Each structure stands twice: as structure tokens, then as C-alpha cells.
Amino acid sequence: MSNMNLSVGLKSWKRGTNILDLDVPAGPVAILSGNSLEHALIMLAAMQSGRPAAPVSPSYSLLSQDHVKLRHVFGLIRPAVIFMQDGPPFDKALAALDL
């Protein structure tokens, strides 16, 4: 890992920690993005703040046309925070959820 990637990762971890310290109800962090350094750091930030991290398969959001599986997962975990590394590709999936 290059120093630049480590620096970006540490900034993301700090940002993730700040996000999880927001005044939101206690609950899991749903992670919709695929595997990446930011994904791992958000998981660590969630654990550090005492919140469970719930990685959700990106295909439930990006490939599905009806988002039935995504709605089912969100019904089970009822996340308080949703993390997406890149927001616009997930717009259709978020619109399908009752948030």
C-alpha cells in the first residue's frame, strides 16, 4: 500500500468515525459499497463506535431491478447509517427503500 493510499484511508477512517458519532439513533451501519479500503475503515469505525457493521452485497443495489432482497435486508437490520463509497449509482436502490 502506498503512502498516498494509507493517507486517504486514514482520512476516510477519521471521516467514518465522525459520521458514526452523529446524533442518530443507535443501530447498525449498512455498507452498500463493494470491498475497498474505505469499506474496511468504515467497518472499523462502526466497531469502534459500538455499532454493528452490516455489509450488504452491492448486487442487491446495483444489479437488481426490483430491489426485493435489498428491502428484505433493510427490514431485518434497520440501519441507522448507510455508507456508500460512490452515491449516484445507488440512487435507484435508495429510492426503492422506505427510509
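Below: a short report on this structure. (Residues numbered from 1 in each chain as written. Predicted model: local features only at pLDDT ≥ 70, side-chain atom pairs only at ≥ 80, totals over all residues. Heavy atoms only, no water.)

Quick look at helix α2 (residues 37-48) now. Here α2 is 12 residues long and its end C-alpha atoms lie 16 Å apart, about the 16 Å a rise of 1.5 Å per residue gives. All buried positions along α2 are accounted for by E38, H39, L41, I42, A45 and A46. Taken down its axis, α2 places every buried residue within 165 degrees of arc, on the same side. Exposed residues on α2 whose side chains face more than 90 degrees from its buried face are M47 and Q48. Directly beyond the C-terminal end of α2, a positive phi value near 85 degrees is found at G50. (Helix = DSSP H or I, 4+ residues; strand = E, 2+ residues; numbered from the N terminus. Expected span 1.5 Å × (residues − 1). Buried < 20%, exposed > 50% of the residue type's maximum accessible area, 1.4 Å probe, protein only. Arc of directions from axis to C-beta.)

Within a sheet, neighbouring strands are paired by backbone hydrogen bonds and run either parallel or antiparallel to one another. Sheet architecture is open: three strands sit in the order β2-β1-β3, paired in parallel fashion. Every other strand in the sheet has two partners, leaving β2 (53-55) and β3 (81-83) as the edge strands with one partner each. Mean inter-strand twist for the sheet, computed between neighbouring axes without regard to direction, equals 20 degrees. Here three bridges tie strand β1 (residues 29-31) to β3, and the two strands are oriented parallel to one another. By the bridge assignment for β3, A30 is matched with I82. Docked against the sheet, α2 engages β1, β2 and β3, running at close to 170 degrees with respect to β1. (Pairing = 2+ DSSP bridges. Axes fitted to C-alpha atoms, helices over the stretch in contact; angles between N-to-C directions. Contact = heavy atoms within 4.5 Å.)

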